[in-house]
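Architecture at a glance
Next come the chains, spelled out residue by residue.
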Amino acid sequence: MTYVLFTLSVLLVMGFVGFSSKPSPIYGGLALIVSGVVGCMIILNYGGAYLGLVMFLIYLGGMMVVFGYTAAMAIEEYPETWGSGFEVFGCFLVGLMMEVGLVLWVLEFDEVVVVVSLNDMGNWVVFEGEGLELVRGDSIGAGALYDYGRWLVVVAGWTLFVGVYIVIEITRGN
Amino acid sequence: MLAFTISLLGVLTYRSHLISSLLCLEGIILSLFIISTLTTLNIHFSLANIIPIALLVFAAREAAVGLALLISLSNTYGLDHIHNLNLLQC
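Residues numbered from 1 in each chain as written. Chains lettered and ligands numbered in written order. Predicted model: local features only at pLDDT ≥ 70, side-chain atom pairs only at ≥ 80, totals over all residues. Heavy atoms only, no water.

Within chain B, the regular secondary structure consists of three helices and zero strands. Along the chain direction, N to C, the helices and strands of chain B fall in the order α-α-α. Buried positions account for 51% of the 90 residues belonging to chain B. Across chain B, the fraction of contacts at a sequence separation of at least 24, relative to all contacts at a separation of at least 6, is 51%. (Helix = DSSP H or I, 4+ residues; strand = E, 2+ residues; numbered from the N terminus. Buried < 20%, exposed > 50% of the residue type's maximum accessible area, 1.4 Å probe, protein only. Contact = heavy atoms within 4.5 Å.)

Before going further, it helps to spend a moment on helix H3 (residues 49–73) of chain A. Residue and element names in this part refer to chain A. Between its terminal C-alpha atoms H3 stretches 35 Å, which fits the 36 Å expected from 25 residues at 1.5 Å a residue. Along H3, the sharpest kink reaches roughly 25°, centred on Met 64. What H3 keeps buried is the set Leu 51, Gly 52, Val 54, Met 55, Tyr 59, Leu 60, Met 63, Met 64, Phe 67, Thr 70 and Ala 71. (Expected span 1.5 Å × (residues − 1). Bend = angle between axes of the 7 residues up to and from the residue.)

What follows covers the UniProt feature "transmembrane region" (unreviewed entry) in chain A. The residues that UniProt annotates with the feature "transmembrane region" (unreviewed entry) are residues 25–44, 51–75, 87–107 and 148–168 of chain A. Between the C-alpha atoms that bound residues 148–168 of chain A the distance is 32 Å, and the span itself is 90% helix and 0% strand. (UniProt positions renumbered as here; feature names shortened; annotations may be inferred.)

A contiguous nonpolar patch, built from Trp151(A), Leu152(A), Val154(A), Val155(A) and Phe58(B) and spanning about 460 Å² of accessible area, is present on the exposed surface. By residue number, the principal contributor to the nonpolar patch is helix H6 (residues 150–172) of chain A, which donates four residues. Here Val155(A) lies in helix H6. (Patch = residues over 30% accessible without salt bridge, like charges linked within 9 Å, V, L, I, M, F, W, Y side chains within 5 Å. Areas by Shrake-Rupley, 256 points an atom, 1.4 Å probe, with all protein chains shown as cover. Salt bridge = Lys/Arg side-chain N within 4 Å of Asp/Glu carboxyl O.)

With that settled, consider the confidence of the model for chain B. All names here are of chain B. Residues at a pLDDT of 70 or more form 58% of chain B, whose mean pLDDT is 72. Between the elements of chain B, mean pLDDT differs from a low of 67, seen in helix H1 (residues 2–12), to a high of 80, seen in helix H2 (residues 19–42). Listed scores for the predicted complex are pTM 0.78 and ipTM 0.77. (pLDDT = per-residue confidence, 0-100.)

Time to look at the packing of H3(A) against H2(B). When two helices pack together, you describe them by how their axes are tilted relative to each other and by the distance separating the axes. Look at H3(A) against H2(B): their axes get within 12 Å of each other, and the N-to-C directions meet at 175°. In terms of axis orientation, H3(A) runs roughly antiparallel to H2(B). Facing Leu51(A), Met55(A), Tyr59(A), Met63(A), Phe67(A), Thr70(A) and Ala71(A) of H3(A), the residues of H2(B) in contact are Ile19(B), Leu22(B), Leu23(B), Glu26(B), Gly27(B), Leu30(B), Phe33(B) and Thr37(B). Its residues assigned to classes, the contact of H3(A) with H2(B) comprises eleven nonpolar, three polar and one charged. (Axes fitted to C-alpha atoms, helices over the stretch in contact; angles between N-to-C directions. Parallel < 35°, antiparallel > 145°, perpendicular 65-115°, else oblique. Nonpolar A, V, L, I, M, F, W, Y, C, P; charged D, E, K, R; others polar.)

Moving on: the UniProt feature "transmembrane region" (unreviewed entry) in chain B. The residues that UniProt annotates with the feature "transmembrane region" (unreviewed entry) are residues 18–38 and 50–71 of chain B. What you have in residues 18–38 of chain B is 95% helix and 0% strand, and the ends, taken at the C-alpha atoms, are 31 Å apart.

Once that is clear, we can look at the nonpolar core. Side chains that are nonpolar tend, in soluble globular proteins, to be buried together. Core analysis: the biggest nonpolar cluster contains 35 residues, and Leu32(A), Ile43(A), Met55(A), Tyr59(A), Phe67(A) and Leu30(B) have the highest contact counts within it. Looking at this core, the elements that each hand over two or more residues are helix H1 (2–20), helix H2 (25–45) and H3 of chain A together with H2 and helix H3 (50–77) of chain B. Ignoring anything within four residues of it in the chain, the contact list for Met55(A) reads Gly36(A), Cys40(A), Ile43(A), Leu60(A), Leu30(B) and Phe33(B). (Core = buried A, V, L, I, M, F, W, Y, C linked by side-chain atoms within 4.5 Å.)

All names here are of chain A. Summarising the element assignment, Leu 44 is placed in helix H2. Exposure remark for Leu 44: the relative accessible area of 45% places this residue in the partly exposed category. Taking the C-alpha atoms as reference points, Leu 44 and Arg 150, 106 residues apart in sequence, are found 28 Å from one another.

Turning next to the packing of aromatic side chains. Residues and elements named next belong to chain A. Enumeration over the complete set of coordinates arrives at one aromatic pair over all chains. Ring centres of Trp 158 and Phe 161 lie 5.6 Å apart, and the angle between their planes is 40°; this geometry places the pair in the tilted category. Taken together, the positions of Trp 158 and Phe 161, both in helix H6 and three residues apart, correspond to about one turn of that helix. One exposure class covers both Trp 158 and Phe 161, and it is exposed. (Phe/Tyr/Trp six-rings, centres within 6.5 Å; stacked < 30°, edge-to-face > 60°.)

Listed below in structure tokens is the structure:
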């Protein structure tokens, strides 16, 4: 069961390589959605149900829809995918090969120390609390945003308002 | 972690579209969200759950500003290719 998290983390890196190799924006958005889904499953495996739901709703549902519509407005007629052309496929393949090499290296020896040390399975085991909890930890912590973080809520709300005004001024042009 | 570095490389290298760099910026924010969420959940520090949510708020706002700039670029030039940004040519 511990290997589920390891596999999901490998899939996450592969999804990130998929849109960093820069195909046309529509396919990049597709790879970002896949990476978002895999990341959400990683968060769920750690026991963070509320934060995974937040990510699904706000990130994938909100921002990716906005990105999709904007990409549909601003692209050309023949989008290039991972199979067409040499550059995109080459970048994707190089990234995948490096990831596969890293995975094999971690599975051989139990530790990889390059800049950040990647242990074999020790990083992915959750430190569990004892017993059952009546109150879910992460949703209560996020609810503290409105209690201890009152000033943060005010600043974030004002930032969003100013951001909307900035966007309107930019798209007005002239 | 590794995904953050890959997305960072994706932002720094240009291809013909500006929106693909914005997509890699979204990837950076996604990787930061995952890192902060996993750290907070692993050490059971409940109060730090605010950090990923606040990060999402500001990330959504800067993504919208980036897209607005892209739309203004697309309105003046028809497409959002990088070589359209050549007003300051020497």
